[in-house]
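Working through the structure, step by step
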Amino acid sequence: MSMKMLTIAQITGTAAGYLGVTLLLPYLALRKKLTGLAAPARYMAYFVAGNFYIINLVLVLQLLHISSRWTLALGTVLPFIVTGAARHRNHFMETAEHWALNLRLAAEGQKGKKTILLRLGTRLRNWRWLRPRGLDIIFTLGICILVLYMYGSNTVNVYGYCASDMVMHNYWINEMGQNHIFVDGIYPFGFHCVIYYLYEVFGIPVYVLLRVFGVVQTLMIHMMLLLFLKALCKSRYAPYIGTVVYIMSDVFYEYTYYRYYAALPQEFGMLFILPAGCFCLAFLRKREFAGRLAREIGLIFFALSVSLTLTAHFYDTAVAGLLCVGIGTGYCFRCFRWRYLKRLAIAGVTGILLSVLPMAAAYVGGTPLQASLYWGMSTISSDSQEDIQEGSASDGAAVEEEAASEKESPLDAVCEMVEYYTINKGVVTPQFIVGSIGALFLLGVLWIVLRKADYGATLIAVSVFTGLLALLQASGRLGLPGLLEVSRYSIYLAYGIAAVWSLCADGVLLLLFKGEKLLKISSAAALAAA
């Protein structure tokens with residue numbers, strides 16, 4: 001087998017293993033319990049639940065020093081055994097015997113492929129809900145193909161790791177095979193737990209996973225963006241606009257995409273930022289989530305999503321916090337009521353505690369903090385900035401010196417830093433980027449005036465979130481404290497701008513066209529134009 005075909009097979013196997021345990025199994029376990037949520041939020045919930053369970057299963061077994069293929073496999077199926085026994089407690093043995101008989105017949109060839117395919121075909125024909133969603137399925141598959149082409153082709157053709165710290169991550173994960181978690185000190189280990197799980201349970205070598213998992217991870221980052229927009233937009237095809245432009249256009253500077261080519265903890269944590277925002281909105285948006293049970297579910301998955309951001313990387317938690325600030329601004333008329341604020345605060349603190357608890361247990365046991373944590377915390381108050389191009393440090397210093405010598409408005413500072421870090425010069429202007437954020441804010445205000453308070457508040461929330469990212473990217477120019485290393489704001493800002501453009505299109509289309517059919521046609525036309 002050629003190296004290219006082998007790599008494609010490795011990507012496919014990794015995707016099947018990862019999505020099987022983080023999407024398929026949670027779907028089988030939770031599909032009847034999450035019916036109160038809208039479809040995009042349900043799929044986010046399956047994904048969040050799957051990652052949360054697998055990561056914490058690994059953490060618990062590692063801290064107990066009993067992690068192995070068999071304990072991980074048993075822990076994975078244990079919820080199904082427990083719930084199955086509870087559901088069929090009166091005839092558990094009969095059910096077990098039925099499944100055992102089916103497995104034996106299949107193994108002996110008495111129940112062959114034709115029987116299985118016939119039953120599968122019968123069930124597929126009964127899935128009538130697929131028919132009205134045909135175009136959505138086609139567009140979603142198209143986005144998957146685009147992402148795989150844009151990012152997978154590099155992995156298939158180059159065979160590189162694309163990041164200098166892969167040796168360190170490889171070492172940390174390999175030591176988990178000996179139940180030596182946090183071997184180099186305490187660090188957010190969510191990413192490492194997932195890679196270790198895939199290695200231990202499915203037998204995929206760690207060095208292969210570190211080379212190909214970035215493709216799967218990047219695909220799901222784009223899927224979370226699409227699901228987030230589907231949960232927020234009113235028109236059917238507006239969510240695809242920002243997602244497709246984000247993948248295909250040459251608007252953003254190449255550094256905003258570079259890290260997607262590697263399997264890295266920070267980008268893994270990006271998978272859970274938008275779900276945190278979606279479930280926070282699920283609790284606050286009355287019309288879409290009127291049922292009490294659905295609102296409680298939203299709070300639970302908000303806490304799990306916050307936990308996962310910190311379990312992966314503290315930068316992602318900071319960005320998720322900015323998204324919550326944006327939501328709080330948009331929904332200030334509701335979330336600052338004590339009955340809402342109290343429960344959101346409790347959920348957020350619970351999420352943080354869930355992620356800190358395993359690290360705290362290791363710290364109490366005598367494990368020191370990893371050096372990278374001190375570096376990360378130092379960037380919060382540090383004015384130093386890492387440039388995004390080798391040999392461009394003098395250019396960055398010149399920008400800062402110019403800022404010190406000239407008085408400028410905050411808007412000018414924001415635009416200049418957007419131009420320097422985020423966009424490709426000559427493709428769009430920084431004023432267009434900042435203007436689109438402002439336009440979304442005004443659209444939100446307009447929809448509140450038109451008595452669509454929840455929708456308008458959602459537009460304002462996303463606008464404030466991206467506006468804060470742009471503002472903090474210029475924190476060094478404005479004398480504000482920074483949350484992240486300055487060049488990394490551009491990664492999250494470009495991601496947020498894609499959502500801004502979809503929501504801008506959605507808000508305008510909703511103003512211009514009335515009626516579901518006309519709105520559907522107009523949003524499809526807007527997607528084609530984009």
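Predicted model only: the values in this text are computed from it and were never measured. (Residues numbered from 1 in each chain as written. Predicted model: local features only at pLDDT ≥ 70, side-chain atom pairs only at ≥ 80, totals over all residues. Heavy atoms only, no water.)

1. Details of the confidence of the model for the protein chain
Per-residue confidence for the protein chain averages 84 on the pLDDT scale, and 82% of its residues sit at or above 70. Contacts of residues 383–398 to residues separated by more than four positions or lying in other chains number 21 contacts, the stretch itself having pLDDT below 50. (pLDDT = per-residue confidence, 0-100. Contact = heavy atoms within 4.5 Å.)

2. Digging into empty space enclosed by the protein
Tallying each qualifying case throughout the model produces three cavities of 30 Å³ or more. Roughly 60 Å³ of volume is contained in the largest cavity. In terms of lining, the largest cavity is formed by Leu225, Phe228, Leu274, Leu323, Val462, Phe465, Tyr495, Gly496 and Ala499. Among the elements of the structure, α9 (206–232), α22 (453–473) and α24 (489–512) are those that each provide at least two residues to the lining of the largest cavity. With three residues, α24 is the single largest residue contributor to the lining of the largest cavity. Here the lining of the largest cavity is built from residues that sort into eight nonpolar, one polar and no charged. When its volume is computed, the second largest cavity comes out at roughly 40 Å³. Along its surface, the second largest cavity is lined by Leu59, Phe182, Tyr187, Pro188, Phe189, Thr311, Ser355, Pro358 and Met359. The element contributing the most residues to the lining of the second largest cavity is helix α17 (residues 338–364), with three residues. (1 Å grid on protein atoms, 1.4 Å probe; cavity = no way out; pocket = protein on both sides within 12 Å on 5 of 7 lines; lining within 4 Å. Points joined across faces, edges and corners; volume = space filled by probe spheres on them. Helix = DSSP H or I, 4+ residues; strand = E, 2+ residues; numbered from the N terminus. Nonpolar A, V, L, I, M, F, W, Y, C, P; charged D, E, K, R; others polar.)

3. A short note on a nonpolar patch on the surface
Together, Tyr53, Leu74, Val77, Leu78, Ile81 and Val82 give the surface a local cluster of nonpolar side chains, amounting to about 500 Å² of exposed area. Position of leucine 78 relative to the elements: it lies in helix α3 (residues 69–87). Given the relative accessible area of 39%, leucine 78 is considered partly exposed. (Patch = residues over 30% accessible without salt bridge, like charges linked within 9 Å, V, L, I, M, F, W, Y side chains within 5 Å. Areas by Shrake-Rupley, 256 points an atom, 1.4 Å probe, with all protein chains shown as cover. Salt bridge = Lys/Arg side-chain N within 4 Å of Asp/Glu carboxyl O. Buried < 20%, exposed > 50% of the residue type's maximum accessible area, 1.4 Å probe, protein only.)

4. Quick look at the pattern of salt bridges
The tally for this structure, following the rule as stated, stands at seven salt bridges. Among the ionic pairs, glutamate 485 bridges to arginine 488, the shortest N-O distance being 3.0 Å. What makes arginine 488 buried here is its relative accessible area of 11%. Through salt bridges with shared partners, one network takes in Asp136, Lys230 and Arg236.

5. Considerations on the nonpolar core
Note on soluble globular proteins: their nonpolar side chains tend to be buried together. In terms of nonpolar packing, the biggest core is built from 163 residues, with Phe213 and Phe268 touching the most fellow members. Not counting residues up to four positions away in its chain, the partners in contact with phenylalanine 268 are Tyr18, Asn51, Ile55, Gly190, Phe191, Val194, Phe213, Gln217 and Ala312. (Core = buried A, V, L, I, M, F, W, Y, C linked by side-chain atoms within 4.5 Å.)

6. A look at the packing of α9 against α24
Packing of α9 against α24 brings their axes to within 11 Å, and their N-to-C directions diverge by 30°. Considering the angle they form, α9 stands roughly parallel to α24. Our pair here, α9 against α24, has a crossing hand that is right-handed. Taken together, the residues of α24 that come into contact with α9 (itself represented by Ile221, Met224, Leu225, Leu229 and Leu232) are Tyr495, Ala498, Ala499, Ser502 and Leu503. Of the residues belonging to the contact of α9 with α24, the class tally is nine nonpolar, one polar and no charged. (Axes fitted to C-alpha atoms, helices over the stretch in contact; angles between N-to-C directions. Parallel < 35°, antiparallel > 145°, perpendicular 65-115°, else oblique. Left-handed = near helix turned anticlockwise from the far one by under 90°.)

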